[in-house]
Amino acid sequence: MAKKAVQQIMLGTVTKNEDQAQETLKQIKAAGYDGIELNGFMIHPSSFLIRVMTKAAGMPVGKGGQFDWKKLLDQAELCCVSLHEDLGTIQRDPEAVIAEADKLGTDKIVITGMYRFDYSDKEAVRKLTDDLNRSGKVLKDSGIQLLYHNHNCEFRKVEPGKTAYDMIIEETDPEYVNFELDSYWPTEAGVSAITLMKKLGERMKLYHINDRGTKVSGPSMTPILKSDSMELGYGNMNLEELVKQALDVDVDAIILESHKNWADRSPVRSLQLSAEFLKQHMV
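Residues numbered from 1 in each chain as written. Predicted model: local features only at pLDDT ≥ 70, side-chain atom pairs only at ≥ 80, totals over all residues. Heavy atoms only, no water.

Describing the sheet that holds strand E5 (residues 145–149)
Then, in step 1: Taken together, the eight strands give a closed barrel; going around it, the order is E1-E2-E3-E4-E5-E8-E9-E12, and neighbouring strands pair in parallel fashion. Neighbour to neighbour, the strand axes of the sheet diverge by 30 degrees on average, direction disregarded.
Then, in step 2: Pairing of E5 with strand E8 (residues 177–182), which is carried by four bridges, proceeds in the parallel orientation. Paired with His149 across the bridge in E8 is Glu180.
Then, in step 3: Its contacts with the sheet place helix H6 (residues 94–104) against strand E2 (35–39), strand E3 (79–85) and strand E4 (108–111), and it is angled at close to 160 degrees to E3.
Then, in step 4: Strands in contact with helix H11 (residues 239–248) are strand E9 (204–209) and strand E12 (253–256); relative to E9, the strand with the most contacts, it is inclined by about 155 degrees. (Pairing = 2+ DSSP bridges. Helix = DSSP H or I, 4+ residues; strand = E, 2+ residues; numbered from the N terminus. Axes fitted to C-alpha atoms, helices over the stretch in contact; angles between N-to-C directions. Contact = heavy atoms within 4.5 Å.)

As structure tokens, this is what we get:
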């Protein structure tokens with residue numbers, strides 16, 4: 001049975017101190033979730049640049065780098081379904097990453113894409129796939145799975161008819177590298193998420209879920225509204241089909257990651273609303 005989980009990036013504004021983090025995790029458990037997907041840059045002290053970038057994006061990291069996340073999750077009876085980490089950290093110090101995963105009780109490390117990377121450069125993408133294969137082998141030798149998480153930039157073309165994501169799928173070894181598909185970002189890029197899911201098949205080990213639509217917060221002054229993240233079932237993506245496909249290939253977890261466009265401006269209220277969709281369709 002796939003677990004229901006929440007991505008930690010949603011929680012920066014509601015984990016400003018350890019007591020608040022404990023209360024937030026309690027609410028997540030009460031909403032019906034089984035676990036959290038943690039981020040390396042949020043469970044350790046983060047650089048000034050990362051703090052500024054995430055705050056500018058409306059997703060501040062909070063004070064989580066000062067907390068004992070293993071203890072907090074145990075107290076809330078939540079598991080760590082996976083750990084997001086950057087490829088450079090894995091390459092520099094794989095032993096530390098493996099030890100962190102073991103401590104948190106997860107066997108999945110997820111690469112969250114490459115910073116300042118040209119996904120239209122075919123040779124750069126080929127080097128990326130080689131690096132992923134090498135790091136995946138190192139992690140597998142210690143019982144850890146390496147997964148790759150997409151955004152929209154992977155759907156740039158490296159040549160006519162082929163995207164960077166196509167290359168990453170084709171040139172990584174399924175023995176060492178698999179995938180955490182985020183269906184929001186290909187949809188945003190004009191790509192069929194269900195087609196990608198079917199192409200990945202059982203290589204999709206985790207599924208990031210979000211909805212996409214329009215939420216009017218004031219008078220609509222023009223005939224065009226801005227599309228943004230929505231609570232599950234409140235947007236226009238065919239999430240029922242996507243969830244069914246994810247369950248058909250036995251993903252280990254379906255992980256909610258909505259963005260800053262939260263109902264009542266509250267990530268907790270937002271994840272509570274989305275939990276109702278997951279309860280209905282993850283059967």
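Still more ground to cover, so stick around.
Quick notes on the packing of helix H8 (residues 164–171) against helix H10 (residues 193–200)
Then, in step 1: As a packed pair, H8 and H10 sit with axes 11 Å apart at the nearest point and diverge in direction by 15 degrees. Compared by their axis directions, H8 and H10 come out roughly parallel. Considering only the axes of H8 and H10, their crossing is right-handed. The segment H8 lies against H10, with Tyr165, Asp166, Ile169 and Glu170 engaging Leu196, Lys199 and Leu200.
Then, in step 2: In terms of residue class, the contact of H8 with H10 is made up of four nonpolar, no polar and three charged. (Parallel < 35°, antiparallel > 145°, perpendicular 65-115°, else oblique. Left-handed = near helix turned anticlockwise from the far one by under 90°. Nonpolar A, V, L, I, M, F, W, Y, C, P; charged D, E, K, R; others polar.)

A few points about unusual backbone geometry
Then, in step 1: Of note, Asp264 is a non-glycine position whose phi angle comes to about 55 degrees, a positive value.
Then, in step 2: Mapped onto the elements of the fold, Asp264 is located in the loop between E12 and helix H12 (267–281).
Then, in step 3: Taking relative accessible area as the criterion, Asp264 reaches 63% and is therefore assigned exposed.
Then, in step 4: One non-glycine residue with positive phi stands out, namely Arg265, at about 55 degrees.
Then, in step 5: Relative to the elements of secondary structure, Arg265 occurs in the loop between E12 and H12. (Buried < 20%, exposed > 50% of the residue type's maximum accessible area, 1.4 Å probe, protein only.)

Topic: helix H7 (residues 122–140)
Then, in step 1: Taking 1.5 Å of rise per residue, the 19 residues of H7 would be expected to cover 27 Å, and the 27 Å separating its terminal C-alpha atoms lies within 8% of that figure.
Then, in step 2: Of all the positions in H7, only Val125, Leu128, Thr129, Asp131, Leu132, Asn133, Ser135, Gly136 and Leu139 are classed as buried.
Then, in step 3: The backbone nitrogen of Glu123 lies 3.1 Å from a side-chain oxygen of the residue at the head of H7, namely Asp121. (Expected span 1.5 Å × (residues − 1). Polar contact = N/O pair within 3.5 Å; in protein donor to acceptor, adjacent residues only side chain to side chain.)

Notes on the pattern of salt bridges
Then, in step 1: Enumeration over the complete set of coordinates arrives at 19 salt bridges.
Then, in step 2: In this structure, the salt-bridge partner of Glu170 is Lys162, at a minimum N-O distance of 3.0 Å.
Then, in step 3: A residue is classified by how much of its surface remains accessible, and Glu170, at 46% relative accessible area, is partly exposed.
Then, in step 4: Among the ionic pairs, Lys199 bridges to Glu170, the shortest N-O distance being 3.8 Å. On the criterion of sequence distance, the pair formed by Lys199 in helix H10 and Glu170 in helix H8 is long-range, its members being 29 residues apart.
Then, in step 5: With relative accessibility at 41%, the residue Lys199 sits in the partly exposed group.
Then, in step 6: What emerges from the salt-bridge pattern is a single network uniting Lys162, Asp166, Glu170 and Lys199. (Salt bridge = Lys/Arg side-chain N within 4 Å of Asp/Glu carboxyl O.)

Some remarks on the nonpolar core
Then, in step 1: Ranked by internal contacts, the top residues of the largest apolar core, which has 73 residues, are Tyr207 and Ile209.
Then, in step 2: In this structure Tyr207 touches Leu181, Ser183, Met197, Leu239, Leu242, Val243, Ala246, Ala253, Ile254 and Ile255, once residues within four positions along its chain are discounted.
Then, in step 3: In terms of nonpolar packing, the next biggest core, distinct from the first, is built from seven residues, Ala5, Leu206, Ala253 and Ile255 among them. (Core = buried A, V, L, I, M, F, W, Y, C linked by side-chain atoms within 4.5 Å.)

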